[in-house]
Amino acid sequence: MAKKKECIAMLLAGGQGSRLGALTKSVAKPAVSFGGKYRIIDFSLSNCANSHIDTVGVLTQYRPLRLNAYLGTGHAWDMDGRDGGVFILPPYATESGAEWYKGTADAIYQNIDFIDLYDPEYVLILSGDHIYRMDYQDMLRNHKEHNADLSVSVMQVPWEEAPRFGIMTADSEGRIVKFSEKPKNPDSNLASMGIYIFTASVLKKALIEDAKDPNSDHDFGGNIIPNLLREQKRLFTYEFQGFWKDVGTFSSYHQTNMELLDEHPAFDLFDPDRPILSNTNTQPPQYIGPRACVSESIVANGSRVLGTVDHSVISTDTFIGEGACVKDSVILPGARIEAGARVVRAIMGENSVVTQNSVFGSEDLSVPIAVLGNEAVYGEGGKK
Amino acid sequence: MDRAIGIITTNYDTPELRELINGRTAASVPFAGRYRMIDFALSNMVNAGITSVGLITPYKYRSLLDHVGAGSEWSLDRKSGGLFVLPGSVFGISSPGSRFLLRDLRRNLVFLTRAAARYVVLTTANVVANMDFADLINVHEKSGADITMACVDATRDEKNLSNVHVENGKVTGTSKGVKAGELAFADTFVVTYELLMKLLEWYGAIDYLDFFEVISGDYDKMDVRTYKFEGYLRTIYAAENYFRNSMNLLNPAVADELFRKDRPIMTKITDAPPAKYAAGSKVTNSLIPAGCHIEGTVEDSVLFRGVTVCKGAVVKNSIIMQSCTIGENAVVENAIIDRSNKIAPGTVLKGSPDAILIKEKNELAI
């Protein structure tokens, strides 16, 4: 028996992130690079570390190799202690056969044993694909104050965007009275952020019942929450104020990276009190060459900039040759922009190359952001 | 039994490092934007597959232990072997230039007897090089020598290095000081384990001497050879060559050789975000690590983690260490600004290329 925990986290990291296609061809979305030196999962894991939640089950399914390697022992997030840590939880076989995770709720259901191991009072359910900084202890305090069965973290969205979200309608106490998935005519603008705190006993009972239902999609939003509302359980909102972004599409991924470049960014990577932790190899400092020009950009270690970088995110171990120019772009780790090349309004995948004097991307704002996949080569010797 | 174990000595006098060793050891002097001197020795050991490393500490070891911790960054937090922090002797330093004090080795005999191996690689923490110690051991093993000394051609006159005298391929002695072009000892050698144990036993009475002083009369009885290292190697025992060798890192060829991907130099990790360059910042020919925030101008300089260069500030030909702030419109030229200095707006701090200005840790506050 492991040491009993008050609250453990279950982090859903099995999704393919198909809308990020070229960047998730060989890696799961939570392992996609973000913000120069981070991977998307760093933000949720760092929130756990900074909230003193030291036991995190990471549910993986799609292309887990790179994600598993990245998580390692959990040391990078101080989660390699004796009691707790990071646990990778893939689908597994039992006496009655083997099955994939059939939905978010099913993934947790199949790991009830893991929850039982720590016998927590509360279970925090997270997604591994959001960029935000949150004190989960504050949410837990709110959960306890309301003696809630389930707390759903929500944030106000502009009314016209509400139809794109799962919308919670709550009374003046914050008790949820209605949940509508992508409502055409929303009566609330409180969008679910996909962050839940369950009282553990309520969660287990709900999961076991849901598993028995052959008509269920085994989804938290689609099945578990509506079921609990029907049973008149105590569901409360936790209203989050602050920066939160789903980076599930190229345009939101690109835009959220660009927002880091503002003089006073809404999301401050530099906040020393709640640092974003990551598992990085030691890279030497970046070298900015004699004729280089870097402006309104962030640049990660190990990079070599000989050309011009303007309003861009340059990740670890990137090379930008003489006379090359990068503008309004996100360049992922290990990418190479050869001499004289021009990259504008683009996302370049890991270890991708734009060859000498090639032009990738377009200034024309009506053209979508150009995306070069991981390991791809654009220009002479690659695709044109 | 391990093939080789390592010993890194750090218990030596380096008065010429001056202000840079106020409150820290020569081994923990920051270098190359994010590293400490000791990172090269530790990484070279580990990259050669050596998993037992003894670190002989000087008296004031706080900054050194703060940096190396349990050795986890070098994967030396192991069940079998690992990093062994060993005490150096307080009154042991015999003469300037001594790097391998016999007493420091004798005091830590237990490390040697417990971590028995066929060879022992010894080096100091102040050698800047990416040297393949595995190759050094291979050459030593193949030749059947008792001791193999890594050597380089001196790039300039250097009184802090020893000249190695060779006749017919065998070392016949060493002498202090070396002239440009002469063969210099790279403060790194491999010795056959049994011989080292015997020497430590025989010469107990004169253990206040340096290892190479102790064996000075024995070269005719032993097989001591050289291993010529052709790569980039500098030793840093003085502030003046600290500055010059830091600036060498602005040559990408030098940086590539030191920080090679197949033999990485590892260091203590801090979770600093990537460096941020504001609109209007001008950075050329400089090393900038994570955690820096640049709004002004930086030319021909090496910055360390967490440095802020405010609007209108100019940093030229300088080294700015961790957590310094260069205030608005301040000018810093030909200087080493040690860590945690806050340079007030408009201040002008200038040394000259021949007389680098050094500001100690925490010397200036706003």
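Small disclaimer: the values here were computed from a predicted structure and weren't measured.

### Things to note about the overall build of chain A
Consideration 1: Counting its secondary structure elements, chain A contains eight helices and 31 strands.
Consideration 2: Whereas a compact globule of 384 residues would reach a radius of gyration of roughly 21 Å, chain A reaches 22 Å, a difference of no more than 12%.
Consideration 3: Referenced to the eigenvectors of the C-alpha coordinate spread, the extents of chain A come out at roughly 65 × 45 × 40 Å.
Consideration 4: Evaluated residue by residue, chain A yields a buried proportion of 59% over its 384 residues.
Consideration 5: Once local pairs closer than 6 in sequence are excluded, the contacts in chain A between residues at least 24 apart make up 59%.

### Description of helix α8 (residues 239-248) of chain B
Consideration 1: Burial runs high along α8 of chain B: seven of the 10 residues are buried.
Consideration 2: Buried within α8 of chain B we find Ala 239, Asn 241, Tyr 242, Phe 243, Asn 245, Ser 246 and Met 247 of chain B.

### Notes on the interface of chain A and chain B
Consideration 1: Counting from both sides, the interface comprises 36 residues of chain A and, opposite them, 39 residues of chain B.
Consideration 2: Run the count over chain A and chain B and you get three salt bridges.
Consideration 3: Summed over the shared surface of chain A and chain B, the result is 21 residue pairs in polar contact (both at pLDDT 80 or more).
Consideration 4: Of all the secondary-structure elements, those providing two or more residues to the side of chain A that touches chain B are β16 (286-288), β17 (293-295) and β18 (297-299) of chain A.
Consideration 5: As defined by bridge partners, β18 of chain A adjoins strand β14 (residues 275-277) of chain B across three bridges and the pair is classed as antiparallel. Residue pairing across strands places Ser 297 of chain A opposite Tyr 277 of chain B, the latter belonging to β14 of chain B.

### With respect to the domain arrangement of chain B
Residue and element names in this part refer to chain B.
Consideration 1: Once the domains are mapped, chain B shows domain 1 (4-258) and domain 2 (276-359).
Consideration 2: A C-alpha centroid distance of 32 Å is found between domain 1 and domain 2.
Consideration 3: Taken residue by residue, the interface counts 18 residues in domain 1 and 20 residues in domain 2.
Consideration 4: Of all residues in domain 1, Gly 33, Phe 243 and Leu 250 bury the most surface against domain 2, accounting for 38% of the area lost on that side.
Consideration 5: The tally of links between domain 1 and domain 2 comes to one salt bridge.

### What about unusual backbone geometry?
Consideration 1: Located in the positive-phi region is Asp 317 of chain A, a residue other than glycine, with phi close to 65°.
Consideration 2: Looking at where Asp 317 of chain A falls in the secondary structure, it is placed in the loop between β21 (313-314) and β22 (319-320).
Consideration 3: Backbone geometry at Ser 75 of chain B places phi at a positive 55°, although glycine is not the residue there.
Consideration 4: Along the chain, Ser 75 of chain B falls in the loop between α2 (62-68) and β5 (82-87).

### Digging into the sheet that holds strand β26 (residues 342-344) of chain A
Residues and elements named next belong to chain A.
Consideration 1: Read from one edge of the open sheet, five strands run β17-β20-β23-β26-β29, paired in parallel fashion. Where the open sheet ends on each side, the last strands, each with one partner, are β17 and β29 (359-360).
Consideration 2: In this structure, β26 lies alongside β29, joined through two bridges in parallel fashion. Across the sheet, the residue bridging to Val 343 is Phe 360, located in β29.

### A word on the state of the cysteines
Residues and elements named next belong to chain A.
Consideration 1: According to the stated counting rule, one finds zero disulfides over all chains in the structure shown.
Consideration 2: Summary of cysteine pairing: Cys 48 is not part of a disulfide, and the nearest cysteine sulfur, belonging to Cys 7, is at 8.5 Å.
Consideration 3: Taking relative accessible area as the criterion, Cys 48 reaches 0% and is therefore assigned buried.
Consideration 4: Cysteine Cys 293 remains unbridged, with the sulfur of Cys 325 as its closest cysteine sulfur at 9.1 Å.
Consideration 5: A relative accessible area of 39% means that Cys 293 is categorised as partly exposed.

### Brief notes about the pattern of salt bridges
All names here are of chain B.
Consideration 1: In the structure shown here, the tally under the stated rule is 44 salt bridges over all chains.
Consideration 2: When the shortest N-O distance is used, the salt bridge between Asp 187 and Arg 99 registers 3.0 Å. Highlighted residues: Asp 187 in strand β11 (residues 183-192) and Arg 99 in the loop between β5 and α3 (102-107), separated in sequence by 88 residues. The pair Asp 187 / Arg 99 is uniform in exposure class, with both members buried.

### Some words on the pairing of strand β4 (residues 55-59) of chain A
Residue and element names in this part refer to chain A.
Consideration 1: With five of five residues buried, β4 is to be regarded as a mostly interior element.
Consideration 2: Taking every second residue as pointing to the same face, both faces of β4 are buried, with Thr 55, Gly 57 and Leu 59 on one and Val 56 and Val 58 on the other.
Consideration 3: Note: strand β1 (residues 7-12) against β4, four bridges, orientation parallel. By the bridge assignment for β4, Leu 12 is matched with Leu 59.
Consideration 4: Pairing geometry for β4 and strand β5 (residues 85-89), over five bridges, is parallel. Of the residues in β5, the one forming a bridge with Thr 55 is Gly 85.

### Notes on the packing of helix α6 (residues 200-212) of chain A against helix α7 (residues 220-230) of chain A
Residues and elements named next belong to chain A.
Consideration 1: Their axes nearest at 11 Å, the elements α6 and α7 cross at an angle of 115°. With respect to their mutual orientation, α6 and α7 come out roughly perpendicular. The handedness of the crossing between α6 and α7 is right-handed. Note on element contacts: α7 touches α6 through Phe 220, Asn 223, Ile 224 and Leu 228, opposite Val 202, Leu 203, Ala 206, Leu 207 and Asp 210.
Consideration 2: Split into classes, the residues belonging to the contact of α6 with α7 amount to seven nonpolar, one polar and one charged.

Scoring rules and cut-offs
Residues numbered from 1 in each chain as written. Chains lettered and ligands numbered in written order. Predicted model: local features only at pLDDT ≥ 70, side-chain atom pairs only at ≥ 80, totals over all residues. Heavy atoms only, no water. Helix = DSSP H or I, 4+ residues; strand = E, 2+ residues; numbered from the N terminus. Rg over C-alpha atoms; globule rule 2.2 N^0.38 Å. Buried < 20%, exposed > 50% of the residue type's maximum accessible area, 1.4 Å probe, protein only. Contact = heavy atoms within 4.5 Å. Salt bridge = Lys/Arg side-chain N within 4 Å of Asp/Glu carboxyl O. Polar contact = N/O pair within 3.5 Å; in protein donor to acceptor, adjacent residues only side chain to side chain. Pairing = 2+ DSSP bridges. Domains from an automatic or database assignment. Buried area = accessible area lost by both parts, 1.4 Å probe. Disulfide = S-S within 2.5 Å. Axes fitted to C-alpha atoms, helices over the stretch in contact; angles between N-to-C directions. Parallel < 35°, antiparallel > 145°, perpendicular 65-115°, else oblique. Left-handed = near helix turned anticlockwise from the far one by under 90°. Nonpolar A, V, L, I, M, F, W, Y, C, P; charged D, E, K, R; others polar.

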